[in-house]
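Examination of the molecular architecture
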Amino acid sequence: MNSAPPSYAKGIAQALLAAALFGVSTPLAKLLLGDIAPGMLAGLLYAGSGAGLLLWWLWRRVNAGESHEAALVPRDLPWLAGAVLFGGILGPLLLMFGLTHTPASSASLLLNMESVLTAVLAWVVFRENVDHRVLLGMLAIVAGGGLLSVQRIGFGGAGFGAIAIVGACLCWAIDNNFTRPISGSDPVQIAGLKGAVAGCINIGIAVAAGYHFPAPFRLIAAGLLGLAGYGVSLVLFVLALRSLGTARTSAYFSTAPFLGACVALWLFGEHPGTSFWLAGALMVVGVWLHISERHEHEHVHEAITHSHRHRHDEHHQHTHDFPWDGKEPHTHPHTHEPLRHSHPHYPDLHHRHKHS
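**Some remarks on the overall build of the protein**
Regarding its fold elements, the protein presents 12 helices and four strands. Sequence separation of 24 or more characterises 87% of the internal contacts of the protein that already satisfy a separation of 6 or more.

Here it is, written out as structure tokens:
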């Protein structure tokens, strides 16, 4: 096999579209912060995401019958709980606080730290392969983020806001790595449950702290923004994880802040200095190094049994112990026999092997 399967190109497109939705949501969320407290806004964004996606999930089950996606199973719940805690509760709270102390354009670029921290965790903790191009890309993005955060250092200023945003990126990095083991399951179910639980908890915390719900128009606007920027974006991100692995998906997702920064400059009429543009250039270099990687070598697939949406491609040459109508893609538990071959690949669902 001389070229990467089409699923990788599809995964890249899914990651970039997820990035676009999330990137635009950041400056738009700042527009709502004037009338909605940060904690309440974080809750409404995720609640809108959860409500919209779960309604979609229920409608699909009622009208389409059996889903073509694998449902979550009990062994997935600890991973989902960790993703909800870090990605759905702590991350949004830190981001909303950081946005109140940081220009929207700088905040958008600082969100590139998520891809760096995600890759570091994937590489060091979860043993996902990250080659020298990805490492150099991370260093370029870190340098760009450093330029933004040192413009003003001090508690209560932009420096403290930058620290909060980096903290949110760390939470989402943990979330991304916790989501990878369950990425073969239904992404709408994953994102819907995550949004519903995280939204209810964040809203409960905000109400307990004495904050009130905004006016109906603002409430609906926050819900719709959350559905697009957090919900649909997360569904696409989970789909991309299947094809690209955690570090690579996050590398593509790191394009989100650039689009967000451009929208922020237009919305708020900001006039960034030289350091902003230099930071942006460093981040562009970092992203390019990530997405231009090519990984190919002879590798061994160990025997594994799992369930996910699939077609009968090179990695799915199995028989069925039930009547099959020949339709693809489809979902059922299946076993992969050991296989040795060589082709371009990323650490997707079927290429999570060790490297010498």
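Okay, back to it.
**With respect to the nonpolar core**
Among the nonpolar cores identified, the biggest contains 51 residues, and L41, L95 and M96 are the most heavily contacted of them. Among the secondary structure elements, those contributing two or more residues to this core are helix 1 (6–32), helix 2 (38–64), helix 3 (77–99), helix 4 (104–110), helix 7 (158–179), helix 8 (187–208) and helix 9 (216–244). The leading source of residues in this core is helix 9, at 10 residues. In contact with L95, other than residues within four places in its own chain, are L111, I165, A168, W172 and Y230. A119, V130, V134 and I141 belong to the second-largest nonpolar core, a separate cluster that totals eight residues.

**Remarks on the packing of aromatic side chains**
Inspection of the entire model under this criterion finds nine aromatic pairs. Ring geometry for F22 versus Y230: centroids 5.7 Å apart, planes at 65°, classification edge-to-face. Of this pair, F22 sits in helix 1 while Y230 sits in helix 9; the two residues are 208 residues apart in sequence, bridging distant segments of the chain. Taken as a pair, F22 and Y230 share a single burial class, namely buried.

**Quick look at the environment of T335**
Here T335 is to be found in strand 3 (residues 330–336). Looking at T335, the relative accessible area reads 39%, which means it is partly exposed. Considered as a pair, T335 and H318 are 17 residues apart in the sequence and their alpha carbons are 7.3 Å apart. With residues near it in sequence (within four places) discarded, T335 still touches I304, T305 and H318.

**What about helix 8?**
Taking 1.5 Å per residue as the helical rise, helix 8 with its 22 residues ought to reach 32 Å, and the 31 Å between its terminal C-alpha atoms agrees with that figure. If you check the start of helix 8, you find a side-chain oxygen 3.0 Å away from the backbone N of V188, and it comes from D186. Looking at the residues trailing helix 8, positive phi occurs at G210, about 100°.

**Some points on the pattern of salt bridges**
Applying the stated criterion across every chain, the model contains three salt bridges. A salt bridge links D35 to R218; its shortest N-O distance comes to 2.9 Å. Of the two residues, D35 is situated in the loop between helix 1 and helix 2 and R218 in helix 9; the sequence distance between them amounts to 183 residues. Relative accessible area serves as the criterion here: at 28%, R218 is assigned to the partly exposed category. A salt bridge links D175 to K194; the shortest N-O distance between them is 2.3 Å. One end of the pair, D175, is in helix 7; the other, K194, is in helix 8, and 19 residues separate them in sequence.

**Some points on empty space enclosed by the protein**
Throughout the structure, instances matching the rule amount to two cavities of 30 Å³ or more. Here the largest cavity is characterised by a volume of approximately 170 Å³. Lining of the largest cavity is provided by 13 residues; of these, F22, Y46, W172, L234 and F253 occupy positions nearest its centre. Among the secondary structure elements, those contributing two or more residues to the lining of the largest cavity are helix 7 and helix 9. Here the lining of the largest cavity takes five residues from helix 9, the largest share from any one element. Considering only residue class, the lining of the largest cavity consists of seven nonpolar, three polar and three charged. Roughly 50 Å³ of volume is contained in the second largest cavity. F22, L111, N112, E114, S115, S250, F253, S254, A256 and P257 are the residues that line the second largest cavity.

**Notes on the side chain of T246**
Structurally, the position occupied by T246 is in helix 10 (residues 246–253). Among all residues touching T246, those that are not within four sequence positions of it are T118, A122, E128, N176, N177, R180 and L241.

**With respect to helix 10**
Taking burial as the measure, the eight residues of helix 10 include eight buried ones, the bulk of the element. Listed in full, the buried residues belonging to helix 10 are T246, A247, R248, T249, S250, A251, Y252 and F253.

**Points about the packing of helix 5 (residues 113–124) against helix 10**
For the pair helix 5 and helix 10, the least separation of the axes is 8 Å and the interaxial angle reads 175°. Regarding the angle of helix 5 to helix 10, the classification is roughly antiparallel. Note on element contacts: helix 10 touches helix 5 through T246, A247, S250, A251 and F253, opposite E114, S115, T118, A119 and A122. The residue inventory of the contact of helix 5 with helix 10, partitioned by class, reads five nonpolar, four polar and one charged.

Rules of the game
Residues numbered from 1 in each chain as written. Predicted model: local features only at pLDDT ≥ 70, side-chain atom pairs only at ≥ 80, totals over all residues. Heavy atoms only, no water. Helix = DSSP H or I, 4+ residues; strand = E, 2+ residues; numbered from the N terminus. Contact = heavy atoms within 4.5 Å. Core = buried A, V, L, I, M, F, W, Y, C linked by side-chain atoms within 4.5 Å. Buried < 20%, exposed > 50% of the residue type's maximum accessible area, 1.4 Å probe, protein only. Phe/Tyr/Trp six-rings, centres within 6.5 Å; stacked < 30°, edge-to-face > 60°. Expected span 1.5 Å × (residues − 1). Polar contact = N/O pair within 3.5 Å; in protein donor to acceptor, adjacent residues only side chain to side chain. Salt bridge = Lys/Arg side-chain N within 4 Å of Asp/Glu carboxyl O. 1 Å grid on protein atoms, 1.4 Å probe; cavity = no way out; pocket = protein on both sides within 12 Å on 5 of 7 lines; lining within 4 Å. Points joined across faces, edges and corners; volume = space filled by probe spheres on them. Nonpolar A, V, L, I, M, F, W, Y, C, P; charged D, E, K, R; others polar. Axes fitted to C-alpha atoms, helices over the stretch in contact; angles between N-to-C directions. Parallel < 35°, antiparallel > 145°, perpendicular 65-115°, else oblique.

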